[in-house]
Structures are given as C-alpha cells and as structure tokens.
Amino acid sequence: MPILGDATVVIARVARSTSNALRVQLTTPDGAELAQARQKTGVGVLLGYKNGGKSNYTLSTAAGDELRVAVGKTTTVTRQNTPTGKIVPADGAVRFESGGGTVLAVVQPHSGSKADSAWRHRILSPGGDELGVLTLMRAQNGWAGIAAETTLWLLNENVGALKAPSAGVLLELRAPVAPALDDVLAAACVDFSVLPRGYLA
C-alpha cells in the first residue's frame with residue numbers, strides 16, 4: 001500500500017529519540033501522520049557519532065506497512081526484502097529509480113544561493129514534466145537558535161542534545177503519483193532530511 005497515497009503536500013520533520021536516534025515524521029499540513037522513520041540504533045548513534053549521514057531507517061505507517069531505507073550516496077528502498085527503488089546521484093543532483101533501475105523522476109538542483117535556509121529541488125518526470133518540488137529546510141530555527149546557542153556559550157553552559165542534520169523537508173506534488181514513485185518519494189523525504197541531501201545549480 002502506498003505510504004503517501006492521495007497526499008500532495010507532505011511535511012517531514014526531524015527529531016531525536018532519547019537514544020539519539022533520528023526520527024522523521026511524515027505528516028499532511030493538517031497534522032495527520034502518514035508514516036514515521038526511525039534510525040537503526042547502535043553505539044555510534046547513542047554516542048552521537050552518527051548524527052545523520054549514511055544509516056539505516058525503517059519507515060512505517062500506523063497500518064503496519066514498512067519500507068527499509070538504506071541512506072547513503074546511493075540510497076536503496078526495500079519492502080519485505082524486495083528492492084522497490086533507489087535514489088541515485090545524477091547530473092548534479094539525483095534521480096529516482098524503480099527497484100529494477102527504471103528512471104521514475106529526475107531531481108534538479110536548487111537554483112538559489114547556498115545561504116538560503118530552504119533549498120527547492122524541482123522534481124521532473126523522465127519526459128520533463130514538473131511533478132512537484134522537494135524543499136530541504138536547512139535551518140532548524142534560524143536566528144533564534146543561534147541566539148540561544150550564543151547565550152549558552154557565554155554562560156558556559158553545556159548544550160545537552162545533538163542538533164538534527166536539518167529541519168526536514170516539504171514535498172509539494174502537483175497530483176498524487178503512481179505507487180512505485182510514491183514509495184521512493186516517501187523514502188526521499190527521509191533521505192533528504194537526514195543525509196541531508198541538497199544540491200546547488
């Protein structure tokens with residue numbers, strides 16, 4: 001069963017569990033949860049050495065559907081040990097492929113500034129039609145977060161929690177997509193959030 005279903009706007013927010021493992025919650029704008037991804041735990045995660053980047057995640061729905069997302073340079077997506085998709089570096093950004101290697105969509109790099117807090121990546125069909133936009137939210141909380149850290153530093157107070165690698169992503173689709181692309185887009189919400197994966201033109 002597709003994870004995104006009829007949703008055309010998906011918000012992915014990154015947080016940490018008490019074991020330092022990253023969690024990514026996928027919701028609709030009205031707050032309805034579509035799925036939640038959890039990072040595989042281990043000593044490196046617990047001690048904070050694996051703060052994002054390459055890692056394994058389980059993306060699951062309340063109904064019990066699960067995808068395994070192995071985030072890396074090339075990210076692989078599996079459902080019940082069967083490859084269902086890949087996120088593959090290509091042409092200065094990435095392309096989304098089926099488990100068999102068929103190109104499902106192509107992602108374009110952000111055309112703005114490196115300093116932008118949100119990097120917009122257009123998603124195109126193999127024929128060049130725009131399917132939507134995947135926006136990486138790079139800043140956790142902008143200037144308010146910098147001010148809070150500066151205050152802690154000046155007061156010589158220890159910052160207890162690790163930062164997440166990004167604030168998450170916003171996926172905006174023109175229309176619901178086919179189930180094969182649905183799984184890869186759900187995985188891309190996790191992948192772009194935690195790697196974090198962002199590209200500049």
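Residues numbered from 1 in each chain as written. Predicted model: local features only at pLDDT ≥ 70, side-chain atom pairs only at ≥ 80, totals over all residues. Heavy atoms only, no water.

Considering the sheet that holds strand β9 (residues 103-107)
Our working rule: Whether two strands pair comes down to DSSP finding at least two bridges between them. Each helix is a run of H or I in the DSSP string that is no shorter than four residues. Each strand is a run of E no shorter than two, and both are numbered from the N terminus. To get an axis, a line is fitted to the C-alpha atoms, and for a helix only the part in contact is used. The angle between two axes follows their N-to-C directions and goes from 0 to 180 degrees.
Spatial ordering of the closed barrel is given by β1-β2-β3-β4-β5-β6-β7-β8-β9-β10-β11-β12, a layout of twelve strands whose pairing is antiparallel. For this sheet, the mean angle separating the axes of adjacent strands, direction not counted, is 20°.

Section: the environment of Val10
Short version of the rule: The cut-offs for exposure are 20% and 50% of the maximum accessible area for each residue type, with area from a 1.4 Å probe on protein chains only; residues under the lower value are buried, those over the upper are exposed, and the others partly exposed.
Mapping Val10 onto the fold places it in strand β1 (residues 9-16). Classification of Val10 as buried rests on a relative accessible area of 0%. Sequence separation between Val10 and Glu172 is 162 residues; the distance between their C-alpha atoms is 6.6 Å.

A few points about the nonpolar core
Put simply, the test is: The definition of a nonpolar core used throughout is a set of buried Ala, Val, Leu, Ile, Met, Phe, Trp, Tyr and Cys residues joined through side-chain atoms within 4.5 Å. For this analysis, residues touch if any pair of their heavy atoms sits within 4.5 Å.
Among the nonpolar cores identified, the biggest contains 44 residues, and Leu4, Leu26, Leu59, Phe96, Leu171 and Leu185 are the most heavily contacted of them. Looking at which element gives the most residues to this core, the answer is helix α3 (residues 179-194), with ten residues. For Leu185, the residues in contact, after removing those within four places along its chain, are Leu4, Phe96, Ile123, Leu171, Leu173 and Val177.

What to know about the confidence of the model for the protein
In low-pLDDT segments, the atomic positions of the prediction should not be examined closely. Put simply, the test is: pLDDT: the predictor's confidence for each residue, scored from 0 to 100.
Residues of the protein with pLDDT of at least 70 account for 79%, and the chain-wide mean is 83. The least confident element of the protein is helix α2 (residues 142-154), whose mean pLDDT is 46; the most confident is β9, at 97. Counting interchain partners and residues more than four positions distant, the pLDDT-below-50 stretch residues 156-160 has two contacts.

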